[in-house]
Structure formats: C-alpha cells, structure tokens
4 protein chains.
Amino acid sequence: MPTMLGQNQYGKAENRVVRITREGSTHHIKDLNVSVALSGDMEDVHRSGSNANVLPTDTTKNTVFAFAKKYGIESAERFGIHLARHFVTSQEPVHRARVRIEEYAWDRIATSDAHRRERGEHSFVRRGQETRLAQVTYDGERWEVVSGLKDLTVLNSTDSEFHGFLKDGYTTLEETRDRVLATSVTARWRFGWTGDGQAMPDWETSYGRTKRHLLRAFAETYSLSLQQTMYRMGARVIEHGEEVDEVRLSLPNSHHFQVDLEPFGLDNDSADGAVYFAADRPYGLIEATILRDGCEALIPADLTNL
Amino acid sequence: MPTMLGQNQYGKAENRVVRITREGSTHHIKDLNVSVALSGDMEDVHRSGSNANVLPTDTTKNTVFAFAKKYGIESAERFGIHLARHFVTSQEPVHRARVRIEEYAWDRIATSDAHRRERGEHSFVRRGQETRLAQVTYDGERWEVVSGLKDLTVLNSTDSEFHGFLKDGYTTLEETRDRVLATSVTARWRFGWTGDGQAMPDWETSYGRTKRHLLRAFAETYSLSLQQTMYRMGARVIEHGEEVDEVRLSLPNSHHFQVDLEPFGLDNDSADGAVYFAADRPYGLIEATILRDGCEALIPADLTNL
Amino acid sequence: MPTMLGQNQYGKAENRVVRITREGSTHHIKDLNVSVALSGDMEDVHRSGSNANVLPTDTTKNTVFAFAKKYGIESAERFGIHLARHFVTSQEPVHRARVRIEEYAWDRIATSDAHRRERGEHSFVRRGQETRLAQVTYDGERWEVVSGLKDLTVLNSTDSEFHGFLKDGYTTLEETRDRVLATSVTARWRFGWTGDGQAMPDWETSYGRTKRHLLRAFAETYSLSLQQTMYRMGARVIEHGEEVDEVRLSLPNSHHFQVDLEPFGLDNDSADGAVYFAADRPYGLIEATILRDGCEALIPADLTNL
Amino acid sequence: MPTMLGQNQYGKAENRVVRITREGSTHHIKDLNVSVALSGDMEDVHRSGSNANVLPTDTTKNTVFAFAKKYGIESAERFGIHLARHFVTSQEPVHRARVRIEEYAWDRIATSDAHRRERGEHSFVRRGQETRLAQVTYDGERWEVVSGLKDLTVLNSTDSEFHGFLKDGYTTLEETRDRVLATSVTARWRFGWTGDGQAMPDWETSYGRTKRHLLRAFAETYSLSLQQTMYRMGARVIEHGEEVDEVRLSLPNSHHFQVDLEPFGLDNDSADGAVYFAADRPYGLIEATILRDGCEALIPADLTNL
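Just so you know, these numbers come straight off a predicted model, no measurement behind them.

Procedures and definitions
- Residues numbered from 1 in each chain as written.
- Chains lettered and ligands numbered in written order.
- Predicted model: local features only at pLDDT ≥ 70, side-chain atom pairs only at ≥ 80, totals over all residues.
- Heavy atoms only, no water.
- Helix = DSSP H or I, 4+ residues; strand = E, 2+ residues; numbered from the N terminus.
- Buried < 20%, exposed > 50% of the residue type's maximum accessible area, 1.4 Å probe, protein only.
- Contact = heavy atoms within 4.5 Å.
- Areas by Shrake-Rupley, 256 points an atom, 1.4 Å probe, with all protein chains shown as cover.
- Salt bridge = Lys/Arg side-chain N within 4 Å of Asp/Glu carboxyl O.
- Least-squares fit on C-alpha atoms with pLDDT ≥ 70 in both.
- Buried area = accessible area lost by both parts, 1.4 Å probe.
- Polar contact = N/O pair within 3.5 Å; in protein donor to acceptor, adjacent residues only side chain to side chain.
- Nonpolar A, V, L, I, M, F, W, Y, C, P; charged D, E, K, R; others polar.
- Pairing = 2+ DSSP bridges.
- Expected span 1.5 Å × (residues − 1).
- Phe/Tyr/Trp six-rings, centres within 6.5 Å; stacked < 30°, edge-to-face > 60°.
- Lys NZ or Arg CZ within 6 Å of the ring centre and 35° of its normal.
- Domains from an automatic or database assignment.
- Core = buried A, V, L, I, M, F, W, Y, C linked by side-chain atoms within 4.5 Å.

Turning next to the overall build of chain A. Summing up its helical and strand segments, chain A has six helices and 13 strands in all. Taken along the three principal axes of its C-alpha coordinates, chain A extends 75 × 70 × 35 Å. When burial is assessed residue by residue, chain A has 64% of its 306 residues classed as buried. Of the contacts formed within chain A by residues at least 6 apart in sequence, a portion of 66% connects residues at least 24 apart. Total accessible area on chain A is roughly 11,000 Å²; 45% of this is exposed by carbon and sulfur atoms.

So, in structure tokens, the structure goes:
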C-alpha cells in the first residue's frame, strides 16, 4: 500500500456548556465553548474502520457536561486539565488529549436595591469584548497550557509614525509622522508550568494581568511601526508575568485612511482632529513570537488562516 | 407596457466613518457605519437608464465624510438629521432621505498617571457589547427618528417559568417552574419628535436611559413567558421616557437545556446550580410592538429576516 | 396603564429539516430551514404571562418535522402551505401563520457505473450557489405566497456605462463608458395565487424559470445604470411568468475599481482586459418593486437591514 | 533584556484582485483573494521601530495588482510563484515569502444565441460551491506548494455504519448500521515539486482531478467510521495524482439526527426514507494527514482554529 497515516486527531468540537452556581440567591455563571481532540492508537480505524480503539465523540461530549457538574468550572484552564487528564489516563488507546476552550464573559445587570434584597442576583449581560481562549494538552507526562484572547479591538488616535521604510518600483505610500494605529488583537501565551509537581499558576489572576499589560503596552508605546508596538506587547506580558514563557501575537493593521476633503473646501488635517475611512480589506497582518530568554517556541506560527 | 415601478430607493450603504476630536491631548472618538437611501423622481432612470435625476451614490458617500468634518458627530441621530435634510433640500428630484447608522462604542484604555500627564489620552478599546442603531427619515416636512440596538445578550438564571400552555397532538414539551431565560435583544424605538418646531430630545441621554430600562425590565420581571418579559421591557421604556412613543422588540428565545446527567450518576437538579447546553438552532422567536396609548405603529414588523 | 400592544408574532425559527426519500437504491434529498411565526389572541400572554392561548414554539418545531414525514416536501411552498393551514385551522387562538423557508440545493456526486449499479445513488454535494426562499402566509381566508432567492452573485465585465448624472459640490466621480457591473441578487416575488379555489402554480417550474430570467435580464441588458438593469430583471420575470404579480429586488452595487497601474509603467486600460480591486464597503444599494400593471405592492420595502 | 524574538512575518492580507481578459468579445475572469507574508532580517523593526528593512505592506499590495496585469493569472499557484520569487529575489532583507490565495469560481450565464453573436460573452455567475486554496512558500532555494479547498459540503444518505466502539461510564450512544454521513471538506495537499529544475505540475488539471477523487472516495466508500472514509479520500488523491505527496483533511461530522416521530404516531424508520434534524453544534471533528510512502509530513496539523 503506497500511503501511510500521519498526525491525526478526533473529538467533539464546540460543546457549548453553561454552568450556573448558586450561593443562596446570588448566582454565578461560566459560559464555555469546549472542543476536544484525542490522539493515540488509531491506525486501525483509518485503515479498516474498526472502532475498537475509538471512544465516540458523543462520549467526549457527555464527559464535558458531566465534568462541568462534577468538578465545576473554576477556570477554563483548570477545567481543561480535568478533561485532558481523564481521557489520557482512563483509555489506553488515547495517548494525548488537547482541550480548546473559548470563554464568554458576563457582567451582572444592575437592579434596584429592593429587587436585589428580595430576589437576589441572577441576571447577566454578555460583556461582549474579547473572547478568552485556553488550550490544555496532555500526553500522560507533560502538560502544556496556552491561554489567549481574540477580537480585542484597540485604537490609538495619535503617537504613531511610519517612515524610513524600504522603497522599490511598486512603492507609492507616503511617509507619515502622525497616523491612527488600530488593530484587533489575537494573542496566545504559553505557561512555563508543565508538570503536576510544580505549583500551578492562578489562571484567573494571570489572565487579568496579561490582558491589562497587552492593553497598556499598546497604549503607552510611542509607535514607529506596528512591529515595535507588537514586540512591546509581548515583552511586557513576559516582564510582568513570571508564569509566561512565550507570547504569539497576530495583529491586523486595521487601516484608517484620513479622508481627502480638500475638493469640498474642508481642511481635514487641522489641530482639532480628523475624519477617517475605516477600511475592511486589504489590511496589513503582522505576526510574531516573543520569548522569555532561553525558552523554546512551541506555539504554532499561524493563529488565523490568512 | 405591462409593468410599473413601485417603491424604490438607492444610495451608498455602510460608509465606515471614524471621527476623532482633540481637546489638547485628550481625544474623543465616534465610530459609525452610515447607510443612505434616497427616493424621488426616479421613473426615468429605471425605465431608460437616464441618470439626469440621480445623485451618484459616490456623492452620498463623499457627503457623509465631509459632514462628519463640517458638523462633527454630536450623536448618530443628529448626524443623520444633518444628512437627511441636506439631500432633500438641496436636490429637487430627491423627495425623501433615510439615513441608517450603526454606532460602535469605545472605552478609554487605562494608562499610567505619568503617561497620561505627559502624552494625554488617546487610546481606546472597543467596548464590544451591543451595537447602537439610529434611523432618520425626512420627506421635507416631517421627521421620523427611530433609535435602537442589537446584539445585547442577556440571561436570567432563575425566576422564569413556562406552563399552562396549549397542547395538541404534537406537544411533548414538559411544563417547568424554573428555567434559564436568555435572549439577544434587538430593539427599535420611535420618538414622538417629528418637526423642526419642537424641542429635540437629547439623543445621548435618551439612549442611555432606554438601554438601562430594557436591561432592568428584563432582570426584574418574574417571567411566566418571554412575551410577558418582552412587554414589560417595551412598556418600561415608554413609562420612563416621555420622548418615546413606540417600541419594537425581537427576542430569540436562546434555549439553555438542562443536561440529563443521571446516566452518569450525577444529579443536575440540585440546589447549588446546574449545567446547561446552550443550543444554537432552532430557537423561539418572539416579536411585538408596544405603543404609548393612542399612538400609531410605524416601525415595520420584521427587524430581522427570519 | 398607558401602553398598548401592537403587531406581535411568535414561533420556532430555523428548524433545520432534511428529508430523504428512497426509490429503491436511488435517494432524493430536500434540505430546508423553516421558521414559523403565529399571531392571534395573544393579549393575555403579553399582559399577564398566561399561556392559555400559546401553542409552545416547541410544538411548532415538532409539527415541522412530523409534517416533513407525513406530507413529504414536494416543494418549499407546498410544505409551507401544509404547515400554515394546520396552525390556523387547528388552534382557535391562532389567526394567522407565516412560514418562512430557506432551501439549499444539492447535486448528485458522479460515481462509477459499477458503483451506481451495485450500490445505487445516494451521494450528494451541496450546490452552494443561491439560497432559495419561500414565504407562505395564511389568515384562514387568503393565501399569500412570496418566493425568492438571495446570494446569487453576478458580474458583467462590460456593456455597462454610468454618466449624465446629477452633480453637486460633493461630486467627484468621473463618468464612465465601460465599467464592470457586479451585484449579489436578493429577490422576492409574489404570486397572484391567493385561494384554494384557484389552480396552484407549479412552484418548482416557476422557480427555475424566474431564476433563469433574472440571470438573462442581468446579462442581456446593456446597462446605463444599475436601476435600469434592475427594472429589466423584475419586468422580465413578470413578462415571462403569468403567475407572478410583483417583484422586489435589492441589489448592492459591488464596486470593482480599475486599478491605476501607471505608477508602475503598466497600462491597465488596454484592449485585452484590466485588473480590478473588488471592494467590500461601502457599496451602492439599489432597491425597487416592479409590479404587473394594476397590481398592488405587498412585499415590504426592506429585504435587508441596511 | 529578558526577551527574544521568535518566528515573525508580515505583509498585506486579503487583496481582492479580479482579472478580466478579453479574447475579442469573449471575456474570461479570475477572482482571487491574495495574502502575502514576508520574513527575514526583521530584528530591528521589532526592537527599535526602524523600518530600514521593511518593504511596506502597501507595496506588497501594489505588487499583487501590478503582477496580475503584467503576468496574468494562469492559475493561483503560478501567480503565487511569480509573487514569492519577486519578494525574495528583489529585496535582500526578505528571506522568505509565503503567498496564500483563495479563488472563487465563476460560470458563464447562458444568454440567447442572438445576444451572444452580437454582444459576445462577458456575463458570469459565481459558482458558489467550494473555495479553492493555494499556498506558495519560497526561501530562495526551495519551493513548497500546497493547494486545497474548503466548504465543500457532502452527504451520503446511507452506506454508513458506526458500531463496535469503546464504551466507558460516559457512553450513551447507540450503535447504528445505517446513518447519514455528512461533512464539509477542508483539504490541503502538498506537491512533490520543490525546484525550478523540475517540471512544474499542471495546477489546473491537478486541482480538477483532486477534487473529483475527493468526491468519489467520499461517495464510493462504504463507511464504518468517518476516519475510514477520510483515509480513503486522502489515499485516493495520492494514488491518482503522482504530483501529490501529502494530504491533510479536516472533516466535521455534521450530525443528522433521525427524528423520533413515534409520539406523533409516525414511523420515521421506514423503507421510503426518513426525516433528519441537521444539527449545528457540537459536531465531531476528524482530522488526519495521509502521506505517500516515504514522504515527510509538512502541512501543519490544524487547518481550522477549533
């Protein structure tokens, strides 16, 4: 037979699990989208269709919902660890489990004091800003946890320049000393934690700090190029978070073009601000890995498919 | 000729205009998506292709960007009024203009005191919750302003029942005394203001108050049906906002099914909360108009295409 | 109480029903997305939450699946008629039913003769072109059937001009005698058929003919404006289909800008064709109703939300 | 400084280029979405913001449009080769270029003989089935070409079983001897061609053959598991295409649940076919690499982000 099987994985994707916990009349909510991918002794099922080594994806789905009840959802990362350990340790043919999770944040809806006293707090509004990400991989020996976020849209209305670049016969772009810099942040960061013997990071605290430093590095960097801003974002996360060894960033340069209003007798370049056309496509796409000195790069290069 | 022309309109849709204003080193941002639709003496262009009465959609686009500079964007509604008045009063063949606007909210990124002192405030993060909507229609005599929002996702984890409903041969649903009630609010509300002689509402204040009451009515209504909750949402907006005459709501019933965990020896119905499967499709879709007594219903019934 | 209830409707939306029929080893497939909206005596449920007049949306879902088995799916329109009649005639509080259907077309996958002989034909590939639409409304007396399609993307690479238009202080567009004309057709057409006493149109034949004439009118009209092309599309459907009384079209003008390649020493205007930038936003949006002489316009003006 | 720079790349993404060529009054169309990613001596721009080694993404965009005119678009792969070679050979700091392309297929609109004779053929309708993919990577020495497709939705209405699988305490799925098997194919295949000295494959012919064999392997495999079907799809491409060394497939198991209609007195399991509920989420996700014997796996494992 002239073909052979390479890397393969399977599981149930996008299990939408919502967990409510009740402290009296005060409720809490966790809202996840969980995808499981298992690998192992799977040569047979690909060759002959024998499912003897295949735990059905339906079973992985059931396990996700059952574990949400059994262990609760302290954090997406912790929940992923429970699941990955279970699949690898309970089924011999499964050698590796990867659990990917999206998390959607909710805020409480402010209600009247009277209503809160009488009925408690159990009303939520989706925050709607970034989507939080977590990925847990386990092969029976070593853990890899990569957290992240996507769709965090940010904009600096000044303190961004772009000049001194290479020019060739296809270059028409003019240099600029003041432009809008806008992007939608996709980020992944890998933790140094790899083993059950080590102290586990506080995933919730780490996430809040990482997001805050991504935002502040974006805002506080006087930018000569989006690459420079991106590097500062990754480096700042590592500098302020000893638990993080590697950061991968994918930043579209969401172009805001200053509109030429001269044909209409209007000066769009005055000191009181300007009007911009926010373009969709094409856009610049800037991507890099930033590493703690001496650490290895393990996050794949392409976080999006473009 | 056996055919005739009915209602028609044309214009440039989805002009993505971003307006930055500067107060020293403190910047402000308005971020809109503006769609213009014009109607009038357009028989000829449909019949013969004569464009003598057609202001190009490219011109309507230019006008949107020029007006953002010329008049600023105090509010989406005010901006729409400037545009609609211009098209109807400046071009004789144009008898009616409708301007639809989506608005995206931005928050400031918190930066260090030192950075703020030295460099000012000009960094923003997209809030990402609901999208604000505004629609202004003008026919040269009468104004109609309809504001709204979409994609405001809310959830009550208790205080919702559903029972006592009609049953027929296709009914298998069980009655329930405690369920999750979740929806994604699409709302439009029409203002009583119709003329230049009347005092114009404060559009920004009105929007904030309306959103707040939609949220609170959702949270504070003990619900026997989503229709009842919906009616309270619309009625509360009218009761607390004398500027609003009509509210149209479209509420998908985003089903959260309590998962049966008994096969796994788990009780998912206990006092400390439960685990739910958040379903995508199908979903209930509940829609209604709520009117101030004596007012006419003018908002079209279908806000979505389903 | 100072508020009153206006138009309202409810039901289960987006029931994804797939019906396989078997003629021996030859299978056939119908793939629909069905949304039901019911209206009637619903004051109570909105005011007090009493569900005594409410047939659960879950029941409407069950009915959709049961009817797909019971009556089959000869056509989307016919299936909608079965459903609408059932809801209005079987439940007294329901006075009006509207069934909206999307249909996805499938082609057979070509297999070997041997396989076809031995195993039959039961493999399909989604065609993926336009989505077919059908809407059936019944109030116990009168039927309204509106069919349609969306996402039918078409392009003429010549035979389109645009000049002689109105100019004002915001006009910068240059006239053109040769441009690309591209759009994505959204269309609805209403049938004259309104009653059980009349002969019912052949819905499948009518759909094929209508789509064919929309395409041919787009292709064969030498265009001086998109409005002219649009009118011909609607008129041609009516001229060739005696069963159709009204057509509503919504056509984005999907701009293809001829790229200026002069800075690179290239002539992009030569006789052998040109290179275009296909823009996303903004776009022109051109909409109209075309009517058979003497018929009333009943299809709402806005088929999209822009 | 405690951080270091890892893999990085940048360029202009999603350049929407449409190329019309004219043979007299017969026109041809190529419709691409082109994304460029460049890597090389980029330490400085990340560290200090110096753009001395940075060819602007705006220039990469201009080059895409200029090359579409200069070289035409014989195939997406050939076009990508022109672009990648240019960036690597013309700019010393650029060491590697990767060009990713989506291609959208168009069919001719059938027009009358008279129209065709008089006006020619220049009207197109988007085919709308799968999106074709091509990726070309060049580092100055070696070429890697990976072609592919996405969103090819297929369904077998019988000849699929699933049984004999692993069971644990979370398994509730029943075994089945006859089910619907449906998926939406995402595929990438890598060519053996790596160098200018070798004869280049005929990219257009190869694409057509590969798609045909993916479809036929799906249709003609009697399936005991989706893994088995997937393996046959990849193996068949390699068996029938000597130019292909590696295939990566990502197949969601798009569940079609046979609806229980017994509560309504209907037998949904009869010989004349059944009614199914087509579910959205969750879904199985089955992925594998299939290799020509002795070849190395180079396509990354995750084609989607789930």
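For the rest of this paragraph, the subject is the pattern of salt bridges. A complete count under the given rule lists 116 salt bridges over all chains for this structure. A salt bridge links aspartate 302 of chain C to arginine 98 of chain B, with the shortest nitrogen-to-oxygen separation between them at 3.0 Å. Remark: arginine 98 of chain B occurs in strand 4 (residues 94-103) and aspartate 302 of chain C occurs in the segment after strand 13 (283-292); the pair is interchain, linking two chains. By relative accessible area, arginine 98 of chain B is classed as buried at 4%. The network of salt bridges with common partners includes Lys30, Glu77, Glu103, Arg132 and Glu204 of chain A.

Bringing the relation of the copies chain A and chain D into the picture now. Rotating chain A by 180° about the axis while translating it 0.0 Å along that axis superimposes it on chain D, leaving an RMSD of 0.0 Å. Interpreted geometrically, this transformation is the action of a two-fold axis. Most of the interface of chain A is mirrored in chain D, where 100% of its interface residues are also at the interface.

Looking now at the relation of the copies chain A and chain B. Between chain A and chain B, which share one sequence, the superposing operator has a rotation angle of 180° and an axial displacement of 0.0 Å; the RMSD is 0.0 Å. Mapped onto chain B, 100% of the interface residues of chain A again fall at the interface, so both copies present the same surface.

Another aspect to go through is the interface of chain A and chain D. Counting residues at the interface gives 86 residues for chain A, matched by 86 residues for chain D. Of the roughly 7,300 Å² buried between chain A and chain D, counting both surfaces, carbon and sulfur atoms make up 51%. When the buried surface of chain A facing chain D is broken down by residue, Leu166, Tyr170 and Tyr231 of chain A rank first, second and third, together holding 11% of it. At the surface where chain A touches chain D, the tally comes to six salt bridges. Arginine 281 of chain A serves as the salt-bridge partner of glutamate 14 of chain D, at 2.8 Å between the closest nitrogen and oxygen. If you look at where chain A meets chain D, you find 54 residue pairs in polar contact (both at pLDDT 80 or more). Elements with a contribution of two residues or more to the side of chain A that touches chain D: strand 1 (3-13), strand 2 (15-23), strand 3 (26-40), helix 1 (43-47), helix 2 (57-70), strand 4 (94-103), helix 6 (226-240) and strand 13 (283-292) of chain A. Per-element tally for the side of chain A that touches chain D: the top contributor is strand 1 of chain A, with 11 residues. Residues belonging to the side of chain A that touches chain D are distributed by class as follows: 35 nonpolar, 33 polar and 18 charged. As judged from the nine bridges shared by strand 1 of chain A and strand 13 (residues 283-292) of chain D, these two strands associate in the antiparallel manner. For leucine 5 of chain A, the partnering residue across the bridge sits in strand 13 of chain D and is isoleucine 290 of chain D.

Residues and elements named next belong to chain D. The end-to-end C-alpha distance of helix 3 (residues 76-90) is 21 Å, a good match for the 21 Å that 15 residues give at a rise of 1.5 Å each. Buried within helix 3 we find Ala76, Glu77, Phe79, Gly80, Ile81, Leu83, Ala84, His86, Phe87 and Val88. Considering only its buried residues, helix 3 is in contact with strand 3 (26-40), helix 2 (57-70), strand 4 (94-103), strand 7 (131-138), strand 8 (143-156) and helix 5 (203-220).

What follows deals with the packing of aromatic side chains. Under the defined criterion, the tally for this structure stands at 40 aromatic pairs over all chains. Aromatic side chains phenylalanine 67 of chain B and tyrosine 71 of chain B sit 4.9 Å apart centroid to centroid with 70° between the ring planes, which places their arrangement in the edge-to-face category. The structure contains a cluster of three or more aromatic residues connected by ring pairs, namely Tyr138, Trp143, Phe191, Trp193 and Trp203 of chain A. Note that arginine 132 of chain C overlies the ring of tyrosine 207 of chain C, its terminal NZ or CZ placed 4.3 Å from the centroid.

Another aspect to go through is the environment of serine 206 of chain A. Residues and elements named next belong to chain A. Tracing the chain through its elements places serine 206 in helix 5 (residues 203-220). The sequence separation of serine 206 and alanine 187 amounts to 19 residues, and the corresponding C-alpha distance is 14 Å. Each residue touching serine 206, except ones within four places of it in the same chain, is listed here: Phe191 and Glu243. In terms of polar contacts, serine 206 uses its side chain to reach the side chain of glutamate 243, at 2.5 Å.

Here we take up unusual backbone geometry. The step from arginine 281 of chain B to proline 282 of chain B runs through a cis peptide bond, and the omega angle for that step is -10°. Within the secondary structure, proline 282 of chain B sits in the loop between strand 12 (275-278) and strand 13 (283-292). For aspartate 151 of chain D, which is not glycine, the phi dihedral falls at a positive 65°. With respect to the helices and strands, the residue aspartate 151 of chain D is situated in strand 8. Classification of aspartate 151 of chain D as partly exposed rests on a relative accessible area of 45%.

This paragraph deals with the domain arrangement of chain A. It is common to give the size of an interface as the accessible area lost on bringing the parts into contact. Residues and elements named next belong to chain A. Per the domain assignment, the segments making up chain A are domain 1 (9-141) and domain 2 (148-306). Centre-to-centre, using C-alpha coordinates, domain 1 lies 30 Å away from domain 2. With 16 residues of domain 1 in contact, the opposing surface of domain 2 contributes 15 residues. Buried area between domain 1 and domain 2, both sides added, is near 1,300 Å², and the carbon and sulfur share of it is 50%. Of all residues in domain 1, the largest losses of buried area upon contact with domain 2 belong to Glu130, Arg132 and Leu133, amounting jointly to 42% of the total for that side. Along the contact surface separating domain 1 from domain 2 lie five salt bridges. Residue arginine 132 pairs with glutamate 204 through a salt bridge whose shortest N-O separation is 3.0 Å. In this structure, the connection of domain 1 to domain 2 is made through nine residue pairs in polar contact (both at pLDDT 80 or more). Of all the secondary structure elements, the ones that give two or more residues to the side of domain 1 that touches domain 2 are helix 3 (76-90) and strand 7 (131-138). With five residues, the top contributor of residues to the side of domain 1 that touches domain 2 is helix 3. Its residues assigned to classes, the side of domain 1 that touches domain 2 shows four nonpolar, three polar and nine charged.

Moving on, we get to the nonpolar core. Counting residues in each nonpolar core, the largest one holds 150 residues, and the members touching the most others are Val34 and Phe79 of chain A together with Val34 and Phe79 of chain D. Setting aside residues up to four positions removed in sequence, valine 34 of chain D forms contacts with Lys12, Ala13, Glu14, Asn15, Val17, Val64, Phe79, Leu83, Val99, Arg100 and Ile101 of chain D. Formed by 146 residues, the second largest nonpolar core is a distinct cluster that contains Val99, Leu166 and Val244 of chain B together with Val247 of chain C.

So, on to the side chain of glutamine 135 of chain D. All names here are of chain D. Locating glutamine 135 in the fold gives a position in strand 7. A distance of 2.6 Å separates a polar atom in the side chain of glutamine 135 from a polar atom in the side chain of arginine 100. Excluding residues within four positions of it along the chain, glutamine 135 makes contact with Arg98, Val99, Arg100, Glu144, Val145 and Val146.

A rise of 1.5 Å per residue sets the reference length of helix 6 (residues 226-240) of chain D, with its 15 residues, at 21 Å; its end C-alpha atoms lie 21 Å apart and thus fit the reference within 8%. Leu226, Gln227, Gln228, Thr229, Met230, Tyr231, Met233, Gly234, Ala235, Arg236, Val237 and Ile238 of chain D are the residues of helix 6 of chain D that are buried. Of the surrounding secondary structure, the elements contacted by the buried residues of helix 6 of chain D are strand 1 and helix 1 of chain A together with strand 9 (181-191), helix 5, strand 10 (244-253) and strand 13 of chain D.

A few words on the interface of chain A and chain B. Each partner contributes residues to the interface: chain A has 61 residues there, and chain B has 61 residues. Taken together, the two surfaces of chain A and chain B that pack against each other cover about 5,300 Å², and 58% of this comes from carbon and sulfur. Considering only the surface of chain A that becomes buried against chain B, Arg22, Lys69 and Leu155 of chain A emerge as the three largest contributors, covering 12% of it. Our count for the chain A to chain B interface comes out at six salt bridges. Here chain A is connected to chain B by 32 residue pairs in polar contact (both at pLDDT 80 or more). Contributing elements (two or more residues each) for the side of chain A that touches chain B: strand 2, strand 3, helix 2, helix 4 (113-119), strand 6 (123-126), strand 8 (143-156), helix 5 and strand 12 (275-278) of chain A. A total of seven residues in the side of chain A that touches chain B trace back to one element, the largest contributor, which is strand 2 of chain A. In this structure, strand 2 of chain A lies alongside strand 12 of chain B, joined through three bridges in antiparallel fashion.

Residues and elements named next belong to chain D. Structurally, the position occupied by leucine 214 is in helix 5. In this structure the C-alpha to C-alpha distance between leucine 214 and valine 237, which are 23 residues apart in sequence, comes to 6.7 Å. With near-sequence residues (within four places) excluded, leucine 214 lies in contact with Leu149, Ala187, Trp189, Met233, Val237 and Leu249.

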